[in-house]
Amino acid sequence: MLTCGRFISSSAATSTASFSPFRTLTRSLLRRPAPRLLSSASVAAATAVEPDTKGGGGVGGGAGALRPQWKAAIDFKWIRDNRDAVADNIRSRNSTANLDLVLELYDQYLALQKEVERLRSERNAVANKMKGKLDPSVRQALVEEGKNLKEGLIALEEDLVQLTDKLQLEAQSIPNTTHPDVPVGGEESSVLRKEVGSQRSFTFTIKDHLQLGKELDLFDFDAAAEVSGSKFYYLKNEAVLLEMALVNWAISEVSKKGFTPLITPEIVRSSVVEKCGFQPRAQNTQVYSIEDSDQCLIGTAEIPVGGIHMDSILAESALPLKYVAYSHCFRTEAGAAGAATRGLYRVHQFSKVEMFIFCQPEESDKLHEELITIEEDLYASLGLHFKTLDMATGDLGAPAYRKFDIEAWMPGLERYGEISSASNCTDYQSRRLGIRYRPSPSEPPSTNTKKGKGAGSGPTQFVHTLNATAVAVPRLIVCILENFQQDDGSIVVPEPLRPYMGGLEVLSPKFK
Amino acid sequence: MLTCGRFISSSSAATSTASFSPFRTLTRSLLRRPAPHLLSSASAAAATAVEPDTKGGGGAGGGAGVARPQWKAAIDFKWIRDNRDAVADNIRSRNSTANLDLILELYDQYLALRKEVERLRAERNAVANKMKGKNLKDGLIALEEDLVQLTDKLQLEAQSIPNTTHPDVPVGGEESSVLRKVVGSQRSFTFAMKDHLQLGKELDFFDFDAAAEVSGSKFYYLKNEAVLLEMALVNWAISEVSKKGFTPLITPEIVRSSVVEKCGFQPRAQNTQVYSIEDSDQCLIGTAEIPVGGIHMDSILAESALPLKYVAYSHCFRTEAGAAGAATRGLYRVHQFSKVEMFIFCRPEESDKLHEELITIEEDLYASLGLHFKTLDMATGDLGAPAYRKFDIEAWMPGLERYGEISSASNCTDYQSRRLGIRYRPSPSEPPSTNTKKGKGAGSGPTQFVHTLNATAVAVPRLIVCILENFQQDDGSIVVPEPLRPYMGGVEVLSPKFK
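Within each chain, residue numbers correspond to sequence positions counted from 1 in written order. Here the convention is simple: chains get letters from A, ligands get numbers from 1, in the order in which they are written. Since the coordinates come from a predicted model, pLDDT governs what is reported: local features require at least 70, and pairs of side-chain atoms require 80 or more to be given and counted, while whole-chain, interface and lining totals use all residues. Note that water and hydrogens are dropped before the side-chain values are worked out from all heavy atoms of the structure.

Across its full length, chain A holds 13 helices and 17 strands. Exposure is judged per residue with a 1.4 Å probe applied to protein chains only, and the accessible area is read against the type maximum: over 50% gives exposed, under 20% gives buried, and values in between give partly exposed. Looking at chain A as a whole, 56% of its 512 residues are labelled buried. In chain A, 76% of the contacts between residues at least 6 apart in sequence involve partners at least 24 apart. Per the convention used, a helix needs a DSSP run of H or I reaching at least four residues, while a strand needs a run of E reaching at least two, with both numbered from the N terminus. Throughout, a contact is declared for two residues whenever any of their heavy atoms are within 4.5 Å.

All names here are of chain B. Disulfides are defined in this document as cysteine sulfur pairs within 2.5 Å. Enumeration over the complete set of coordinates arrives at zero disulfides over all chains. Between Cys283, a free cysteine, and Cys263, which holds the nearest cysteine sulfur, the sulfur-to-sulfur gap is 11 Å. Here Cys466 stays unpaired: no disulfide links it, and the sulfur of Cys316, its closest cysteine neighbor, is 17 Å away.

Next up on the list: the interface of chain A and chain B. Accessible area lost upon the coming together of the parts is a frequently used measure of interface size. On the side of chain B, 47 residues touch chain A, which itself brings 47 residues to the contact. By convention, the term buried area covers the 1.4 Å-probe accessible surface removed from two parts as they join, with the contributions of both added. Interface area, chain A with chain B, both sides summed: about 4,300 Å², of which 62% is carbon and sulfur. Salt bridges are identified by distance alone: a Lys or Arg side-chain nitrogen within 4 Å of an Asp or Glu carboxyl oxygen. For the pair chain A and chain B, the number of links is two salt bridges. The partner of Arg281 of chain A in a salt bridge is Glu278 of chain B, and the shortest N-O contact between them spans 3.9 Å. In the analysis that follows, any N or O atom pair within 3.5 Å is treated as a polar contact, provided that within protein one partner can donate a hydrogen and the other can accept it, and provided that, for residues neighboring in sequence, both atoms belong to side chains. One can count 27 residue pairs in polar contact (both at pLDDT 80 or more) joining chain A with chain B. Broken down by secondary-structure element, the contributors of at least two residues to the side of chain A that touches chain B are α7 (221–227), β3 (234–236), α8 (238–256), β4 (260–263), β5 (267–269), β6 (295–297), α10 (302–307) and β8 (321–330) of chain A. Per element, the largest residue contribution to the side of chain A that touches chain B is six residues, and it comes from α8 of chain A. Residues are grouped as follows: Ala, Val, Leu, Ile, Met, Phe, Trp, Tyr, Cys and Pro are nonpolar; Asp, Glu, Lys and Arg are charged; every other residue, Gly included, is polar. A breakdown of the residues in the side of chain A that touches chain B according to their chemical character gives 27 nonpolar, eleven polar and nine charged. Strand pairing requires that DSSP identify at least two bridges connecting the strands. Pairing analysis gives two bridges linking β4 of chain A to strand β3 (residues 221–223) of chain B, with the strands arranged antiparallel. Note on β3 of chain B: the bridge partner recorded for Leu262 of chain A is Lys223 of chain B.

In this model, Leu319 of chain A is joined to Pro320 of chain A through a cis peptide bond whose omega is -5°. Along the polypeptide, Pro320 of chain A turns up in the loop between β7 (312–315) and β8. The omega torsion across Leu306 of chain B and Pro307 of chain B is -5°, close enough to zero to call that bond cis. Mapped onto the secondary structure, Pro307 of chain B falls in the loop between β7 (299–302) and β8 (308–317). Of note in the backbone geometry, Asn94 of chain A takes a positive phi value of approximately 55° without being a glycine. Its place among the elements puts Asn94 of chain A in the loop between α3 (83–92) and α4 (99–129).

Residues and elements named next belong to chain B. A score from 0 to 100, pLDDT tells how confident the predictor is in each residue. The predicted model of chain B averages 86 in pLDDT, with 84% of residues at 70 or higher. In the predicted structure, residues 38–64 sits below a pLDDT of 50 and forms 78 contacts with residues beyond four places in sequence or in another chain. Scored by ipTM, the complex comes to 0.86, with pTM at 0.87.

Let's shift gears to the pattern of salt bridges. Residue and element names in this part refer to chain B. Across all of its chains, the model carries 56 salt bridges over all chains by this definition. The shortest N-O distance in the salt bridge between Lys72 and Asp152 comes to 3.7 Å. One end of the pair, Lys72, is in the loop between α1 (21–31) and α2 (77–82); the other, Asp152, is in helix α5 (residues 130–158), and 80 residues separate them in sequence. When its relative accessible area of 3% is taken as the criterion, Asp152 is described as buried.

With that settled, consider the side chain of Glu320 of chain B. Residues and elements named next belong to chain B. When you line up the elements, Glu320 lands in the loop between β8 and β9 (336–346). Within polar-contact distance, the side chain of Glu320 engages the side chain of Arg333 at 3.2 Å. The residues touching Glu320, leaving out its near neighbours within four places in the chain, are Gln273, Arg333, Val334 and His335.

A word on the sheet that holds β7 of chain A. All names here are of chain A. A sheet is described by the order of its strands in space; here three strands give the open sequence β7-β13-β14, paired in mixed fashion. Sheet topology places β7 and β14 (461–462) at the edges, where each strand pairs with a single neighbour. By the bridge criterion, four bridges tie β7 to strand β13 (residues 435–438) in an arrangement that is parallel. In the sheet register, Leu314 faces β13, and the bridge partner there is Tyr437.

All names here are of chain A. Summarising the element assignment, Thr164 is placed in helix α5 (residues 136–172). For Thr164, a relative accessible area of 23% translates into the label partly exposed. Note: C-alpha distance between Thr164 and Gly306 (142 residues apart in sequence) is 26 Å. If near-sequence neighbours (up to four positions away) are discounted, Thr164 is found in contact with Lys71 and Tyr109.

All names here are of chain B. In space, the three strands of this open sheet follow the order β7-β13-β14, with mixed pairing throughout. The sheet is open, and its two edges are formed by β7 and β14 (448–449), each paired on a single side. Both β7 and strand β13 (residues 422–425) contribute to a ladder of four bridges, which runs parallel. Note on β13: the bridge partner recorded for Ser299 is Ile422.

Before going further, it helps to spend a moment on the packing of helix α6 (residues 196–203) of chain B against helix α13 (residues 460–470) of chain B. Residue and element names in this part refer to chain B. Orientation of α6 relative to α13, taken along the N-to-C sense of each, is 80°, at an axis distance of 9 Å. The pairing of α6 with α13 is recorded here as roughly perpendicular in orientation. The residues of α13 that touch α6, namely those facing His196, Leu199 and Leu203, are Val465, Leu468 and Glu469. In terms of residue class, the contact of α6 with α13 is made up of four nonpolar, one polar and one charged. In this description, a line fitted to the C-alpha atoms serves as the axis of each element, helices being fitted only across the stretch in contact, and the angle between N-to-C directions of two axes falls anywhere from 0 to 180 degrees. Orientation categories follow fixed angle ranges, with anything under 35 degrees roughly parallel, anything over 145 roughly antiparallel, 65 to 115 roughly perpendicular, and all other angles oblique.

Here we come to the confidence of the model for chain A. Residue and element names in this part refer to chain A. Chain-level pLDDT for chain A is 87 on average; 85% of the residues reach the 70-or-more range. Scored below 50 in pLDDT, residues 1–17 shows 22 contacts in the model against residues more than four places distant or in partner chains. A low-confidence stretch, residues 448–457 (pLDDT under 50), is modelled with 23 contacts involving residues beyond four sequence positions or located in other chains.

It is worth spelling out the pairing of β4 of chain A at this point. Across four bridges, the pairing between β4 of chain A and β8 of chain A is parallel. Counterpart to Ile263 of chain A in the pairing with β8 of chain A is Tyr326 of chain A.

Our next topic: helix α13 (residues 473–483) of chain A. Quick reminder: α-helices carry 3.6 residues per turn. Residues three or four places apart thus point the same way. Burial runs high along α13 of chain A: eleven of the eleven residues are buried. Within α13 of chain A, the full set of buried residues consists of Val473, Pro474, Arg475, Leu476, Ile477, Val478, Cys479, Ile480, Leu481, Glu482 and Asn483 of chain A.

The next thing to look at is the environment of Arg402 of chain A. Residue and element names in this part refer to chain A. Residue placement: Arg402 occurs in strand β11 (residues 402–410). Measuring from C-alpha to C-alpha, the distance between Arg402 and His385 comes to 23 Å, with 17 residues separating the pair along the chain. Within the structure, the side chain of Arg402 is placed 2.6 Å from the side chain of Asp390, a separation counted as a polar contact.

Quick look at the packing of aromatic side chains now. The aromatic pairing rule takes the rings of Phe, Tyr and Trp, using the six-membered ring of Trp, and pairs them if the centres are within 6.5 Å, calling planes under 30 degrees apart stacked, those over 60 edge-to-face and the rest tilted. One pass over the full model with this rule turns up 20 aromatic pairs over all chains. Seen from their ring centres, Phe202 of chain A and Phe204 of chain A are 5.6 Å apart, and the 80° between their planes marks the pair as edge-to-face. Geometrically, the ring pair formed by Tyr107 of chain B and Tyr110 of chain B is stacked, given 6.3 Å between the ring centres and 20° between the ring planes. Taken together, the positions of Tyr107 of chain B and Tyr110 of chain B, both in helix α4 (residues 100–126) and three residues apart, correspond to about one turn of that helix. Like Tyr107 of chain B, the residue Tyr110 of chain B is buried in the burial classification.

The next thing to look at is the packing of helix α8 (residues 225–243) of chain B against helix α11 (residues 351–368) of chain B. Helix-helix packing is characterised by the crossing angle of the two axes and by the distance between the axes. All names here are of chain B. Close contact between α8 and α11 brings their axes to 12 Å; oriented N to C, the two are set at 135°. As summarised for this structure, α8 and α11 are arranged oblique, according to the angle between their axes. Between α8 and α11 lies a crossing of right-handed hand. Packed against α8, whose contacting residues are Trp236, Glu240 and Val241, the element α11 presents Ile361, Leu365 and Ser368 at the interface. The crossing is said to be left-handed when, going from far helix to near helix, the turn is anticlockwise and less than a right angle, and right-handed when the turn is clockwise.

Following this line, the structure appears as structure tokens:
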């Protein structure tokens, strides 16, 4: 397949046609179709990222390949050296990344790069020969040769650019590696890590949060449907205090543990959304886009927080950098028709307090444990009954190396519902966002950087990033109302929240 | 101009719709008049033409190609006609481009056409002869089509008529606004004071640079105690205002564009302040006034429920298009911010009094924070289309060396309610309201339009500017206003992290 051995000698060629073996192979590789856009509603699906071409650099050359708007710092050499493991990982995650194509493109890229360098040095040699006194016919021949080399070089350089772009496009869809302890399989293979509490047995007929909310005058879904559309809502009366209490309490508790509080933008550039591993342009995307703009609404503060250190080199002494960020989140929930959508369970807009960490690679496993422990402590202190699951490979999003979900019991909805998620994204996001750190000289270079640059190969390394939900308000409201209801329809306020609600201990119905 | 007197007799020889042509000719010529122009909503003094959102609305009717309004405002045309001079004066003093003459022409033609249509319907019912009946029917259909288009055009033009104006409102441009109240005075500093950006840098409160990369200019991250300060302002405002009987609300921030228009904003104007969502008829709100006004859309409220008072917390999104060159420094003009807003639905006779109540609540809030500010009665050229009267509060920002608007309180009387369709049923024992302005008139029907008012409790970023700049100390630390301390875990002073 490769034409490495068949370099065209500069002495015979008079036209760019003589570079055609390279160009032919390159052209055929470039014609392979772009990765398909897949629904981002299914975490089990592949994670092809189609770059946002709006406003990006123009399309290069004749093969018409899309130019990626940004480049992920992918370690191709590592992928090639570990191709079997990478292939297994792609398979167990149900990714549609095309590893064979990526490796073909990479080999061709290396060959082409080498050929370009060879031609450049030949051209320099020709230029050197032309210095000094020469017979006119000799000079003329050299000028011809130089000209041919230059044209051939330009053509190959164009191809190299397109090949690099195509390689980048294809490779961006390769999912992150997977922690060895992660169970392999679909949703049903996820493993129970911890269980706290048990399902309360009620001595009266329980109501769901919608019925309770009606009697307590806490929500208005109907007016919101008129004003905004379905899956929107107004919070009223004590529900407002409950939301504020949850947010205030979470920021307070988490910042006590050394996390820096942040309030973030909720409108971000679509390229930042992509770099975090989301797909604003996919069919059934979860992401709202702003008209006449390259901007989107965030679905989670993970995005603007990850972006806060984009294209930066952090001091090692600053790590780990821990943030607790409060924002509203917007999700289209396209593709969720038929899924549970009742009441507050699935909505287009909600408030969330998110934890985010930038750290050295060797610390991310430990910090992942720290994050899940913070979450478990928060929910246990609210008195909730919940399960922590180690999510199986088919249920990890592309960025996650490992993901723990917490599902809490919602007796009115008669189900366990996800109330939080904690992911270790290792260097997947940082390679896209361009976030590195400079190890101190006394530290040995990291040995377990996965797709890292390799021990001692350069002064900076990519950080690892982690994100975890502290509170996602609507589902916690569901849990609180449904679990702590009393037979008269009143709700007992969890103790930790009372100081944030002016001491209120019970929410009482206004209507019956 | 009007053809009222020239009704075509049904007994004439007419066999085709051409015999209705005097009506049709005049109607056609009125329909061809150009639609109101879209004007910048950045200037409050500008006219307030609303071009209805035709996306997804009913198709354009007939051959004249008039855009169909997506919704109808319940405009009292009779009142406008009976008070045309006052309405014309009002349009002039507000620099509106509403075309009153055209509207009144259209209205008269509308009345004539409607009368003719009714007459023909009656004739048609009476006619036994099938041939004559068919001609009448054809003519009727044509006139009915014209009537629909005329009604639409009339609606489009009339929607741009601004609200009436309170008699005490000063006439003129911005410089004519009148000082109602001054609280406090400019602090004199004994050291070189800094603006909020410099203070924020030393306190590690903001990051504008990272936000410019992630989102664009005029975005920002709040960090550390600035987060606590924002939460404190919001929590405190909700608490203080709800104590006064306002119902707390958290609202959607994505709404249908028609609701935005009904509140008097212009999502489709050039230089609009409104962000739109791609592939959708939805927009981001610039203020909670919109979703709160909408909460009782197309409803009839019980009189006993009035006044309905809400205190609503939301994020607000504004494009600030057209604000280039205006003050944009730091937190002064941003695309996204948190705001706690007060909103009232009330009976017409109570709106003046409740306007005073709202401005008093605002003044008490800012006085309790220790701010120095002025309350202004805004002049006619500075009122937005919906406002009957508007009070703005401008607070002293020493670092920016200016007074900057920190709140606005408007009485919109029935401008928004006529568009949002919000009415109430007066109790039988109450005499019908006598001062409903464009109201339906005493005793003309069981329901009346409510009045709506809105007023800012706290708009967070500008209050942060005020607090940092006014309460800075020579070492760069900030004294936290007393009312906020309980909401910040008792913190009294914010100290710099860097120098």
